[in-house]
Protein chains: 2
Amino acid sequence: MAGYHHGDLRRTIMSAAVQAITESGTATWSLRELARRAGVSHAAPAHHFGDRRGVLTAVAAEGFTLFADALSPFHDDLLEMGVAYVRFATEHPAHFEVMFTPTLYDPADPEVAAARSRADAALAAGASTLTGGSPRTDAIAAWSIAHGFASLWLSGALPDDLGATPDTAARPVLEVLFRGRIPDGPS
Amino acid sequence: MAGYHHGDLRRTIMSAAVQAITESGTATWSLRELARRAGVSHAAPAHHFGDRRGVLTAVAAEGFTLFADALSPFHDDLLEMGVAYVRFATEHPAHFEVMFTPTLYDPADPEVAAARSRADAALAAGASTLTGGSPRTDAIAAWSIAHGFASLWLSGALPDDLGATPDTAARPVLEVLFRGRIPDGPS
DNA sequence: ACCAGAATCTAGACACTGACAAGATTGCGT
DNA sequence: ACGCAATCTTGTCAGTGTCTAGATTCTGGT
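Residues numbered from 1 in each chain as written. Chains lettered and ligands numbered in written order. Predicted model: local features only at pLDDT ≥ 70, side-chain atom pairs only at ≥ 80, totals over all residues.

With an unreviewed UniProt entry as reference, chain A is termed TetR/AcrR family transcriptional regulator, source organism Actinocorallia longicatena.

Colleague: What should I look at first to understand the environment of Met81(A) in this one?
Modeller: Residues and elements named next belong to chain A. Mapped onto the fold, methionine 81 is located in helix α5 (residues 78-91). Since 25 C-beta atoms lie within 10 Å of it, methionine 81 is described here as buried. Sequence-wise, methionine 81 and alanine 146 are 65 residues apart; in three dimensions their C-alpha atoms are separated by 9.0 Å. Excluding its chain neighbours within four sequence positions, the residues that come into contact with methionine 81 are Leu71, Phe74 and Gly126. (Helix = DSSP H or I, 4+ residues; strand = E, 2+ residues; numbered from the N terminus. Buried ≥ 20, exposed ≤ 12 C-beta atoms within 10 Å, placed from the backbone. Contact = placed C-beta atoms within 7 Å.)

Colleague: I'm lost on the packing of helix α5 (residues 78-91) of chain B against helix α8 (residues 135-155) of chain B in this one. Help?
Modeller: Geometry of a packed helix pair, given as the angle between the helix axes and the separation of the axes. Residues and elements named next belong to chain B. Between α5 and α8, whose axes approach to 9 Å, the crossing angle comes to 25°. In terms of orientation, α5 lies roughly parallel with respect to α8. The element α5 and its partner α8 pack so that their crossing is right-handed. Here Leu78, Gly82, Tyr85, Val86, Ala89 and Thr90 of α5 come into contact with α8, specifically with Ala142, Ala146, Phe149, Ala150, Trp153 and Leu154. (Axes fitted to C-alpha atoms, helices over the stretch in contact; angles between N-to-C directions. Parallel < 35°, antiparallel > 145°, perpendicular 65-115°, else oblique. Left-handed = near helix turned anticlockwise from the far one by under 90°.)

Colleague: Got a minute to help me understand the interface of chain A and chain B in this structure?
Modeller: When the parts of a complex come together, some accessible area is lost, and that lost area is often taken as the interface size. At the junction of the two partners, chain A supplies 30 residues and chain B supplies 30 residues. Mapped onto the side of chain A that touches chain B, the elements with two or more residues apiece are α8 (135-155) and α9 (166-178) of chain A. A class-by-class count of the residues in the side of chain A that touches chain B yields 17 nonpolar, 12 polar and one charged. (Nonpolar A, V, L, I, M, F, W, Y, C, P; charged D, E, K, R; others polar.)

Colleague: For this particular structure, what's the right way to read the relation of the copies chain A and chain B?
Modeller: Note that the two copies of the chain are related through a rotation about an axis and a translation along the same axis. Once chain A is rotated about the relating axis by 180° and shifted along it by 0.0 Å, it coincides with chain B to within an RMSD of 0.0 Å. The transformation just described matches what one would write down for a two-fold rotation axis. Taking the C-alpha atom as reference, chain A places Gly148(A) closest to the rotation axis, 1.7 Å from it. Here 100% of the contact residues of chain A are again contact residues in chain B; the copies associate through an equivalent surface. (Least-squares fit on C-alpha atoms with pLDDT ≥ 70 in both.)

Colleague: I keep staring at the environment of Arg118(A) and nothing clicks. Help me out?
Modeller: Residue and element names in this part refer to chain A. Counting through the fold element by element, arginine 118 comes out in helix α7 (residues 110-127). Taking the number of C-beta atoms within 10 Å as the measure of exposure, arginine 118 has 17 and is therefore partly exposed. Residues arginine 118 and alanine 68 lie 50 residues apart in sequence; the distance between their C-alpha atoms is 5.9 Å. Filtering out sequence-adjacent residues up to four positions away, arginine 118 remains in contact with Phe64, Thr65 and Ala68.

Colleague: Would you mind going over the domain arrangement of chain A with me for this structure?
Modeller: All names here are of chain A. In terms of domain boundaries, chain A breaks down into domain 1 (1-50) and domain 2 (51-179). For domain 1 versus domain 2, the separation of C-alpha centres amounts to 27 Å. Taken together, the contact pairs 12 residues of domain 1 with 13 residues of domain 2. Among the secondary structure elements, those contributing two or more residues to the side of domain 1 that touches domain 2 are α1 (9-24) and α3 (44-49). Taken together, the residues of the side of domain 1 that touches domain 2 sort by class into nine nonpolar, three polar and no charged. (Domains from an automatic or database assignment.)

In structure tokens form, the structure reads like this:
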């Protein structure tokens, strides 16, 4: 099983990178450290990712894919999509941070672009439920409040007593925007 | 003028770091490169900042100070404070990115903590204008939408045709939240 | 005016990293 | 069975962060 060929080195390296980023950010880990942790030589990751930037590009692509999958089920309920947005960010903090820090990777990468457009489509589907006076402005407002809450939560800027899970903490905040603005919204 | 002592090396290094981060993110530059650009030896910055993390800690502290100064004038108008929030982020993208990425620096640093509490006080002053049913939830919603719009703008995720300046683009988006929620708000 | 001592900067060194090149090993299609 | 592509290893090099020791300059007290 553990011979010359690792078998699934690409996934192993990516998982290790995600874990390292989750634990201590995008700056502290090294390719060689990930290689050591995977039990391969220091140059093995280069074959799969090219360079350090390539690892982060792969993480971003995977992130946008997971993101689209997480949002799609709520295409007909923008509030719940907002909650799912926050939930994704807190469950996949490393992916989320990389995805929205384009200086870390190559946004023009084909896989990234494809996955990103899937995520954009999911967001657009959610926004299409808006029927107010300025759907486009409302959509950006909805995107902003979900993204802002998620970012602030991840950065630890929010007060500690908001709630145990970001789900329950985010919903009332998002409702401030959505309340009365979605025709068949809650209450 | 240019002798053994540089004169203002600390500020020179910080400015160079901010410029480098603005141009290409927090990962690409090196301490030695900043030292070369400042015309000093490779170990000179260490005296002022300790290590690489120390530079980012100083940037974060300066950022929170500038942030508090940028928000304070609008303590009686939460909408305009939101616009100022977005304007600060776009005018000081490097500071903003570092400030809200606490894995990059030392959040417990005394100067950072002091500057941050000044910024928190400015935000709290703006939020104190809220008189609705859940001022605290509303305050976090307002913070989230401003922070989210600023983050999305900086990451390049927003559509390109929103407006030339983030000021004019942000105001209508923020108004979606504030409209009808601030007693003596606009219109 | 002088002179310790502090502040600031230089010079050297070491382990570590990213990246590249060349070669070894393995799996796969024919 | 064999050729070939994919995968991994080893070796190497410049560049980096950080530490130590020493050199230079500034400062304040007498």
